[in-house]
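Architecture at a glance
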Amino acid sequence: MQAKPDASRIAIHAALLAALLFFLLPAYFAVVNSLKPLEEIYAGNVFGLPQHWSLDAWAKAWSRACTGASGCTGLSRYFINSVIVVIPTTLVGALWGCLNGYVLAKWPFHRSNMILFVLMFGSFVPIGLFLFPLTVIFDRLGLSTTLAGLAIVYIIYSLPCALFFRNYFTSFPGELIKAARIDGAGLFRIFWMIVLPTARPILVVVVIMQFTHIWNDFLFALVLAPYDSQTVTVGLNNLINVTEERAEYNVHMAAALIAALPTALVYIFAGKHFVRGLTAGAVKG
Amino acid sequence: MAALTINNIHKRYGNAQILQGIDLSITDGEFLILVGPSGCGKSTLLAMIAGLEDISEGDILIGGQRVNDLSPKDRDIAMVFQSYALYPSMTVRQNIEFGLRMKKVPKAERETIVARVAKTLQIEPLLGRRPAQLSGGQRQRVAMGRALARNPAIFLFDEPLSNLDAKLRVEMRAEIKALHHRLKSTIVYVTHDQVEAMTLGDRIAVMKDGLVQQFGTPAEIYERPANMYVAGFIGSPTMNFVDAELARDGLGWSARIAGLPHPVRLALAPDEALAEGRVTLGIRPEHFHAAQADAPGAVQVSVDLTEPTGADTYVAGRLGDQKVTLRCSPKHPIRPGDLAWFGIDSSAISVFDPSTQLRIGSAGHSTSH
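Residues numbered from 1 in each chain as written. Chains lettered and ligands numbered in written order. Predicted model: local features only at pLDDT ≥ 70, side-chain atom pairs only at ≥ 80, totals over all residues.

**With respect to the overall build of chain A**
Applicable threshold: The helix count covers DSSP runs of H or I at least four residues long, the strand count covers runs of E at least two residues long, and both are numbered beginning at the N terminus. In this scheme the burial state of a residue depends on its C-beta neighbours within 10 Å: 20 or more other such atoms mean buried, 12 or fewer mean exposed, and anything in between means partly exposed; the C-beta positions come from the backbone. Our contact criterion uses C-beta atoms placed from the backbone: two residues qualify when those atoms are within 7 Å.
The helix and strand tally for chain A stands at 14 helices and zero strands. Reading chain A from its N terminus to its C terminus gives the helix and strand order α-α-α-α-α-α-α-α-α-α-α-α-α-α. On the principal axes, the C-alpha backbone points of chain A span a range of 75 × 75 × 30 Å. Here chain A holds 285 residues, and 33% of them are scored as buried. The long-range share in chain A, meaning contacts at least 24 apart out of those at least 6 apart in sequence, stands at 76%.

**Some words on the interface of chain B and chain A**
Contacts between the two partners involve 17 residues from chain B, matched on the other side by 13 residues from chain A. Broken down by secondary-structure element, the contributors of at least two residues to the side of chain B that touches chain A are strand E6 (77-80) and helix H2 (92-102) of chain B.

**Observations regarding the nonpolar core**
Rules: Joining buried Ala, Val, Leu, Ile, Met, Phe, Trp, Tyr and Cys residues through C-beta atoms within 7 Å gives a set, and that set is a nonpolar core. By convention here, the domain bounds are inherited from an automatic or database domain assignment.
If you look at the biggest cluster of nonpolar residues, it comprises 165 residues, and the most contacted ones within it are Leu75(A), Ala255(A), Leu34(B), Met79(B), Leu156(B), Val188(B) and Ala205(B). Residues lining this core come from more than one domain, with at least three contributed by each of domain 1 (4-226) and domain 2 (233-352) of chain B. Among all residues touching Ala205(B), those that are not within four sequence positions of it are Leu24(B), Leu32(B), Ile33(B), Leu34(B), Val212(B) and Phe215(B).

**Side note on the sheet that holds strand E19 (residues 339-344) of chain B**
Residue and element names in this part refer to chain B. Selection criterion: In this scheme, strands are said to pair when DSSP sees at least two bridges between them. Every axis in this analysis is a line fitted to C-alpha atoms, fitted for helices over the stretch in contact. Angles between the N-to-C directions lie between 0 and 180 degrees.
Spatial ordering of the open sheet is given by E15-E19-E16-E17-E18, a layout of five strands whose pairing is antiparallel. Of all strands in the sheet, those with a lone pairing partner are strand E15 (288-290) and strand E18 (322-328), marking the two edges. Neighbouring strand axes in the sheet, compared pairwise and without regard to direction, differ in orientation by 50° on average. Inspection of the sheet shows strand E16 (residues 299-308) paired to E19 by four bridges, in the antiparallel sense. Counted as the bridge partner of Gln300 is Trp341 from E19.

**Some thoughts on the domain arrangement of chain B**
Residue and element names in this part refer to chain B. Applied cut-off: In the scheme used here, Gly and all other residues not listed as nonpolar or charged are polar, with Ala, Val, Leu, Ile, Met, Phe, Trp, Tyr, Cys and Pro taken as nonpolar and Asp, Glu, Lys and Arg as charged.
Entries for chain B in the domain assignment read domain 1 (4-226) and domain 2 (233-352). The straight-line distance from the C-alpha centre of domain 1 to that of domain 2 is 39 Å. Across the contact, seven residues belong to domain 1 and six residues belong to domain 2. Elements that contribute at least two residues to the side of domain 1 that touches domain 2 include exactly helix H6 (194-200) and helix H7 (218-223). Grouping the constituent residues of the side of domain 1 that touches domain 2 by class yields five nonpolar, one polar and one charged.

**A few points about the pairing of strand E17 (residues 313-319) of chain B**
Residues and elements named next belong to chain B. Direction of pairing for E16 relative to E17: antiparallel, over a ladder of seven bridges. Considered in E17, the bridge of Ser302 is made with Arg318. Linking E16 to E17, which pair antiparallel, is a turn of four residues; within it Gly310 sits at a positive phi near 110°. Where E17 meets E18, seven bridges bridge the pair, whose relative direction is antiparallel.

Here's what the structure looks like:
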């Protein structure tokens with residue numbers, strides 16, 4: 001009788017271990033090879049630990065690797081462009097979504113359910129559909145020469161995150177808003193002073209998702225960013241496509257890791273809140 | 001402080017009639033209770049006074065000024081909610097002064113007001129805490145403090161005690177009453193608890209189905225209920241309803257109860273123009289008193305059950321073949337199975353028309369509809 005739960009326990013752990021290896025192996029592969037000199041990889045040491053540990057590939061990926069016609073200055077300027085775009089768009093997009101979600105949940109207006117439906121519908125439409133019209137609009141408005149245009153698009157396309165906030169605020173007690181209205185606070189002040197401070201868990205969730213989503217975006221960045229200020233995903237793509245004599249796999253791995261680092265860090269530092277936010281409201285209501 | 005007048009108020013959601021013409025008015029400093037079962041429209045009416053719900057028809061006047069089109073903050077009211085509705089991210093102090101900050105009251109003045117309110121409600125040690133760190137009773141106090149700080153013309157209470165345990169509820173009830181005595185403020189208080197209604201109110205509006213069934217002082221409502229609904233709603237144990245035949249003789253009006261040898265004499269005026277026929281007598285449990293078998297007007301009750309509560313013993317029994325509940329002194333020895341004799345305090349009997357359920361007789365007839 002006692003053997004049964006043990007067997008299932010072993011099976012569960014084995015499955016988890018297999019999944020862990022499956023997902024960890026590429027990361028291991030990237031980290032290990034980014035720390036080797038190129039000769040070592042070409043000599044056949046692909047899976048093993050480096051014989052000579054070296055950060056040269058990282059340094060090159062950051063500041064010296066060639067990324068096509070735009071020169072050989074590494075990922076650094078792409079990275080900085082990404083930071084410039086991602087941070088304001090994530091914050092503005094999340095706050096904007098939060099405000100919209102609050103209004104949709106707590107200040108119903110004529111046809112507000114219709115808007116909710118359109119929002120949901122919009123989040124199911126593939127973004128590729130909008131690329132061509134957007135390039136035309138960008139051209140007409142003169143936005144194609146500045147990163148601000150890309151930022152605006154990211155903010156507009158973060159609108160469906162209002163749904164997360166809307167669902168979160170649905171369980172927000174209506175009496176609190178009534179009390180604040182009687183106390184003389186208006187829609188925005190209630191949002192800022194009473195609703196927003198209670199929304200931290202869901203804000204963290206949305207910020208992480210927005211950050212990851214925008215940081216990793218390739219399609220909009222490729223098409224809409226100005227030629228001389230592209231973002232890190234495009235930079236990474238360029239870097240890997242440029243081959244001088246032979247492919248510098250160690251540099252490629254380092255570049256990929258550099259490009260992935262910010263999202264990984266965001267998960268590591270905010271992950272605790274992420275889980276908390278995802279399960280918030282699951283217990284009650 | 002101000003008077004409140006409610007004129008022919010209607011509330012409709014689509015085709016649903018929530019309130020169908022409410023007329024109420026109280027003077028400055030009166031404590032008005034809106035009481036009724038859930039769904040009777042009492043909370044909707046309160047929200048309309050507060051300005052949180054639109055008025056479909058009719059007028060609300062606060063201090064003589066029509067407030068229909070004023071936003072809640074401009075109506076000079078404060079409201080205490082059932083859930084207390086304390087702002088969770090703010091301390092008690094910030095909660096209490098929030099309304100003052102919105103009104104741009106200077107900081108020094110705010111501090112004076114918070115100090116005074118905190119002293120009144122004895123919540124000074126709590127000022128630095130957040131609502132999550134407070135007990136139910138403390139939250140209730142803070143919610144009242146937030147209302148007090150605004151010093152409004154009218155206080156609105158929406159079932160403020162229903163989330164408290166029984167003991168605390170009685171304490172807070174007494175405190176609210178004491179507060180009203182001290183502040184002489186105008187209060188509108190919604191409850192479904194008839195004990196709260198009777199103990200707190202200067203005037204009570206008993207509501208049902210979007211209508212005021214009766215509007216009067218607690219004594220009027222208890223002693224001269226306007227209809228059988230009010231009669232049954234107020235009072236515990238509930239009023240006994242006994243079917244009888246109304247008859248007039250040389251001495252005036254009396255009621256004949258099936259199975260009893262003598263008719264019960266009623267306190268209706270002899271010249272009252274009434275039709276003889278079927279009526280329902282409303283007799284409160286305490287209007288029976290133990291009597292000798294040969295006392296005039298004594299009736300016999302066969303006892304089914306006794307429920308000693310300490311101060312009183314409730315006796316469930318049958319008068320003729322109709323069920324009644326009596327409130328007796330625990331000293332009076334009554335056991336199930338007994339046939340006991342009781343006198344009825346006939347001046348306290350209410351008489352209702354069983355078809356309209358309305359009170360019969362002009363004495364104390366004070367309903368708004």
